[in-house]
Amino acid sequence: MRDSTPNKTESVLDAFAPAGTDDETTYDITIGTTEAANYDIEADFDALMEQVRGSLPTDDVQFDEAIVKENLEEVLLMLISLHGETHGKELLSDLSRFFGTQLSPGTVYPSLHELEDEEVLSMHAKVRTKEYAIDDEEAVRGRLEQTMVQHLAFGLLLYAFLPEL
């Protein structure tokens, strides 16, 4: 049975900590901050993907466009969190670069507006663009965790079914 420590947020994510780490493990990726205006998230995204590949029995991890579209809001929240603050054109570029998708602005911007309406994102109008930032970190964390659990549960169901074939 797991020992509960006071003042520590319990999360289903705790079960996925890399083997051999203690509860004091910290990560360099923080939500909603950047150190420079032209911050490049590629290294952080590559580190996240390396962690994913290290957890799976294959290095061939790819996301098809349908799964990205199905989880677009969560993907956008992740990318915005990595950037700290970003605009739609940069998000479209990130979707193409990191996920190999060619989503149209007509697909991405309505999702951004919906997240803004839900008060998960804040939008700051600039001269020629709108900058989006995370407005409610707790809501983002909860939403991403819920999506992750659903996908893991579905994957485990498929894995459990494979011997039946």
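As the structure is a computational prediction, the values presented were derived from the model and not from experiment.

K.L.:
Is there a simple way to explain the nonpolar core in this structure?
P.N.:
Most often, soluble globular proteins have nonpolar side chains that are buried together. Counting residues in hydrophobic clusters, the biggest one holds 26 residues, and the most contacted among them are L95, V108, L112 and L121. Listing elements by their share of this core, those giving two or more residues are α1 (42–55), α3 (72–83), α4 (88–99), α5 (105–117) and β3 (130–134). No other element matches α3, which puts seven residues into this core. Not counting chain neighbours up to four residues away, the residues in contact with L121 comprise L77, I80, L112, L115, E116, Y132, A133, I134 and D135.

K.L.:
Honestly, the pairing of strand β2 (residues 121–125) in this entry has me stumped. Any pointers?
P.N.:
When a strand is regular, its side chains alternate between the sheet's two faces. Note: β2 against β3, five bridges, orientation antiparallel. Within β3, the residue paired with M123 across the bridge is Y132. Hairpin connection, β2 to β3: the antiparallel pair is bridged by four residues.

K.L.:
Please clarify how a negative patch on the surface should be interpreted in this entry.
P.N.:
On the surface, a cluster of negative charge is made up of E114, D117, E119, D135, D136, E137 and E138. Judged by its relative accessible area of 70%, E138 falls in the exposed class.

K.L.:
Mind showing me how you'd approach the pattern of salt bridges here?
P.N.:
It is possible for side chains of opposite charge to pair when their charged atoms get near one another. The tally for this structure, following the rule as stated, stands at six salt bridges. E74 is the salt-bridge partner of R143, the closest N and O atoms lying 3.3 Å from each other. Residue R143 is located in helix α6 (residues 137–161), and its partner E74 is located in helix α3; the two are separated by 69 residues in the primary sequence. Summarising the burial analysis for this pair, R143 and E74 share the class buried. R143 is the partner of E118 in a salt bridge, and the nearest nitrogen-oxygen pair spans 2.9 Å. On the criterion of sequence distance, the pair formed by E118 in the loop between α5 and β2 and R143 in helix α6 is long-range, its members being 25 residues apart. Residue classification places E118 among the partly exposed positions, given a relative accessible area of 40%. The structure contains a network of salt bridges with shared partners spanning E73, E74, E118 and R143.

What counts and what doesn't
Residues numbered from 1 in each chain as written. Predicted model: local features only at pLDDT ≥ 70, side-chain atom pairs only at ≥ 80, totals over all residues. Heavy atoms only, no water. Core = buried A, V, L, I, M, F, W, Y, C linked by side-chain atoms within 4.5 Å. Buried < 20%, exposed > 50% of the residue type's maximum accessible area, 1.4 Å probe, protein only. Helix = DSSP H or I, 4+ residues; strand = E, 2+ residues; numbered from the N terminus. Contact = heavy atoms within 4.5 Å. Pairing = 2+ DSSP bridges. Patch = residues over 30% accessible without salt bridge, like charges linked within 9 Å, V, L, I, M, F, W, Y side chains within 5 Å. Areas by Shrake-Rupley, 256 points an atom, 1.4 Å probe, with all protein chains shown as cover. Salt bridge = Lys/Arg side-chain N within 4 Å of Asp/Glu carboxyl O. Lys, Arg positive; Asp, Glu negative; His and termini not counted. Charge placed at Lys NZ, Arg CZ, Asp CG, Glu CD.

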